[in-house]
Amino acid sequence: MLADVQHVVGYGPYVNRVPQREGLTRHASGNTVEVDRARLALDLALAGERVAVVSGGDAGIFGMAAAVFEAAEDEAYAGVPIRVVPGMSAVQVVAARAGAPIGGDFAVMSLSDRLKPWSLVEQRLRAVAEADLVLAIYNPASRSRTTQVADAQALLLQHRSPDTVVVIGRDVGRAEESLTVTTLADLDASSIDMKCLLIIGASGTRVTGAGQVWTPRFAERSRAGS
Ligand SMILES: C[S@@+](CC[C@H](N)C(=O)[O-])C[C@H]1O[C@@H](n2cnc3c(N)ncnc32)[C@H](O)[C@@H]1O
């Protein structure tokens, strides 16, 4: 797809990963202007240019795909075709590194309250905890958001065992990659930053003797039989 476009639009670090070549213009922008950059891409496409909007991982998961559809609600862009190309999301890579923690039912949440109120995050965390789903947490912290992981941990502990398995994948697939397996009680919130993805296990999630984490696909049957 990238070989076929004249423009690449996205957050600076992602755009910079696309090799420069003749005939390609790279449009790098800041982290918090998703809809503005989507409009730029749509304006270019409206003018007849071939444009790719890039995200890290999968563009449809906490990425630019939804921002492009949001900007495209403007009637001016009614004639611009949008195609979403799937990618490998952080939850899949962290899960594969750890074993098979999302082998059963699981939920995915962003802990960021930049685009939604924290009360809604809490409500959803509570619902997921009560439903005994494995939970993958994106955007757990940032330089300006430093309290959410500890708050989420305290809330989850109201509904989940302190022994609940937790996987922390940091910078997976990159040079500084690390993977930590701990428990909900022992999770050190101060060690979590924006490069981390957390997987909070369900009650059936377990750790093998070799330290790999997995969740039975049939948790109820497995628990009943254990
Ligand atoms: C704005 S979201 C982008 C998600 C991306 N679209 C995806 O599908 O992976 C950014 C968050 O994704 C997670 N993430 C992205 N890359 C990661 C990596 N290499 N290792 C661990 N987590 C990662 C972190 O939780 C980070 O705060």
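Residues numbered from 1 in each chain as written. Predicted model: local features only at pLDDT ≥ 70, side-chain atom pairs only at ≥ 80, totals over all residues.

*Asks:* Provide a residue-level description of the overall build of the protein, including the pertinent values.
*Replies:* Secondary structure assignment for the protein yields seven helices and eleven strands. With respect to the three principal axes, the spread of C-alpha positions in the protein is 60 × 35 × 35 Å. In the protein, which comprises 226 residues, the share counted as buried stands at 33%. In the protein, once contacts between residues fewer than 6 apart in sequence are set aside, the share between residues at least 24 apart is 70%. (Helix = DSSP H or I, 4+ residues; strand = E, 2+ residues; numbered from the N terminus. Buried ≥ 20, exposed ≤ 12 C-beta atoms within 10 Å, placed from the backbone. Contact = placed C-beta atoms within 7 Å.)

*Asks:* So what's going on with helix α4 (residues 90-98)? Which residues, and what values?
*Replies:* Of the residues making up α4, those classed as buried are Ala90, Val91, Val94, Ala95 and Ala98. Buried positions in α4, seen along its axis, are confined to an arc of 125 degrees and lie on one side of it. Positive phi shows up at Gly99, right after α4, with a value of about 140 degrees. (Arc of directions from axis to C-beta.)

*Asks:* Got a sec to walk through the sheet that holds strand β6 (residues 134-138)? Specific residues and values, please.
*Replies:* Ordered in space as β5-β6-β9-β7-β8, the five strands form an open sheet in which the pairing is mixed. Of all strands in the sheet, those bounded by a partner on one side alone are β5 (106-110) and β8 (178-183). Averaged over all neighbouring strand pairs, the angle between strand axes comes to 20 degrees, with direction disregarded. Pairing between strand β7 (residues 165-170) and β8: six bridges, direction antiparallel. Its bridge partner being in β8, Arg170 is matched across the sheet by Ser178. Strands β5, β6, β7, β8 and β9 (196-200) of the sheet are contacted by α4, whose axis makes an angle of about 65 degrees with β9. (Pairing = 2+ DSSP bridges. Axes fitted to C-alpha atoms, helices over the stretch in contact; angles between N-to-C directions.)

*Asks:* Describe the site of the ligand, naming the residues involved and giving the relevant values.
*Replies:* Taken together, 23 residues are adjacent to the ligand, and Gly57, Gly63, Ser89, Ala90 and Leu197 come closest. The set of elements that each furnish at least two residues to the shell around the ligand consists of α4, β7 and β9. The residue makeup of the shell around the ligand, split by class, is ten nonpolar, eight polar and five charged. Formed jointly, the shell around the ligand draws a minimum of three residues from each of two domains, domain 1 (2-77) and domain 2 (90-218). (Near = placed C-beta within 6 Å. Nonpolar A, V, L, I, M, F, W, Y, C, P; charged D, E, K, R; others polar. Domains from an automatic or database assignment.)

*Asks:* Would you mind going over the domain arrangement of the protein in detail, with residue names and values included?
*Replies:* Splitting the protein by domain gives domain 1 (2-77) and domain 2 (90-218). Placing the centre of domain 1 and that of domain 2 at their C-alpha centroids yields a distance of 29 Å.

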